[in-house]
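Read off the chains here:
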Amino acid sequence: MKYTPRQFSFAQYLMRRVGFLHQQDIDAYLQHLLLVKGRYHVNPKAKNPFKRWHYSAKACMDALLAEVELKKSPKQIPLRQPSGPYFSATSLARYAFCVSAFSIADAFEQGSAVSNEWIKLGENLHQTLRLSAQHANYGENRDPFYRRAWQNPAIGKIFRSEPIYMGHAELAKLFFNDETGFAGSPDYIFRDREGLFFVVEEKFIQQRDPMNPSALRLDKEELKGILEEKNLERQQQWEKLAFYFFDNHIVQVLAYLYNLVEYPLSYGYLVYWLYDFKDGEPYVHKAGVKKLSLTNETMALYQRYLNEMQTFKERGNINFDVLKVNAKKCAACSLSPYCMHKTKRFHTVHYPYRSADLRVYAAEFPSVLRSELPGNGF
Ligand code: SF4
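Remember, predicted model here, so these are calculated numbers, not experimental data. (Residues numbered from 1 in each chain as written. Predicted model: local features only at pLDDT ≥ 70, side-chain atom pairs only at ≥ 80, totals over all residues.)

**Quick word on the site of the ligand**
Alright, step 1. Around the ligand there are 13 residues in total, and Cys-98, Ala-101, Cys-330, Cys-333 and Cys-339 lie nearest to it.
Alright, step 2. Those elements that place two or more of their residues in the shell around the ligand are α5 (99-107) and α14 (327-331).
Alright, step 3. For the shell around the ligand, the leading source of residues is α5, giving three residues.
Alright, step 4. Here the shell around the ligand is composed, by residue class, of eight nonpolar, three polar and two charged. (Near = placed C-beta within 6 Å. Helix = DSSP H or I, 4+ residues; strand = E, 2+ residues; numbered from the N terminus. Nonpolar A, V, L, I, M, F, W, Y, C, P; charged D, E, K, R; others polar.)

The structure is reproduced here in structure tokens:
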């Protein structure tokens, strides 16, 4: 899994154009970008079984090129209307994820070419993989990926509960709480067999599936006949894939539990679907669930993020600790194409995000590529 030498030279150049200063930051970002956007492609005509699958970093190059183009003309990015007095669980979650992401999302309309791939992927995941799509045929679906994903007992409980509300249905109701200034729509509200109402928020997290058939490359050992042993090893790796539930997602569920008044919500589930790609299509291979309720501890977490977010909006700026920039998070961030803060050049985030800060920097074009046309053949 890697860039070709030409791709790597060009990618480093594009990163410097975007504003990255340190080689170790460039290397870390590019490696994580590869994990997010790199894909296996099959060549059915390849006679040599060792060459049947090849890994392509083309999508990474396309994303970097698109980001440079976007930042060359920041005035072209349509601005969003200022958000009103209400806050949503999604915006609070975004604040908890990254203050820069929160500010960008409130500043710019994201519909540019840069975000299209993410939007399309999001729609596909939502339409085909969501709980709502699976709820109807839970009992009958024999797809081994889903059977493995559904081994979690909490998922079974959700499937056996009565759906009351689906936030992604057309004309889904928006819930308001005038007292707290909240407006939002959860993914789902269900009623369990004891008659208790609960809220569910589902998230899709891209994670390599060790059992991914697209990634199972024939190697010499397998040709020698120890495929079964290899598969067992992969199965064990898959079982060990750990879940870590992020604060931003937890806070989102807490926001629904605290602010929704139409239903007496007793608890909430945060569902993680780990997905990978098979023949270019996303599929779920593992599910994790965290049960949440309002306690002193969870309320303190919720209140802390809410207070910080409101103070940031009122003041219009906040310090930004560049030491906390995390290449893994940035490479997977859907707002990364708009973000200047991942370069570690900026120590303050303004609200809303200032398009005047978006720019490209001068960088030396790699001498090894001088004879190449940039963007052609990468
Ligand atoms: S790219 Fe990184 S710093 Fe920028 S908004 Fe996303 S997570 Fe935050």
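**Some points on the sheet that holds strand β8 (residues 265-278)**
Alright, step 1. Reading across the sheet, the five strands line up as β3-β6-β7-β8-β9 and stay open at both edges, with mixed pairing between neighbours. Each edge of the sheet is formed by a strand with only one pairing partner; in this case those strands are β3 (162-166) and β9 (281-292). Mean inter-strand twist for the sheet, computed between neighbouring axes without regard to direction, equals 30°.
Alright, step 2. Taken together, the four bridges between strand β6 (residues 188-191) and strand β7 (residues 197-206) define a ladder with antiparallel strand orientation. (Pairing = 2+ DSSP bridges. Axes fitted to C-alpha atoms, helices over the stretch in contact; angles between N-to-C directions.)

**Quick look at unusual backbone geometry**
Alright, step 1. Of note, the amide linkage connecting Tyr-351 to Pro-352 takes the cis form, showing an omega dihedral of -5°.
Alright, step 2. Mapped onto the elements of the fold, Pro-352 is located in the segment after β11 (348-350).
Alright, step 3. The backbone of Lys-344 shows a phi angle near 70°, a positive value even though the residue is not glycine.
Alright, step 4. Turning to its location among the elements, Lys-344 is positioned in the loop between α14 and β11.
Alright, step 5. Overall, the presence of 18 C-beta atoms within 10 Å leaves Lys-344 in the partly exposed class. (Buried ≥ 20, exposed ≤ 12 C-beta atoms within 10 Å, placed from the backbone.)

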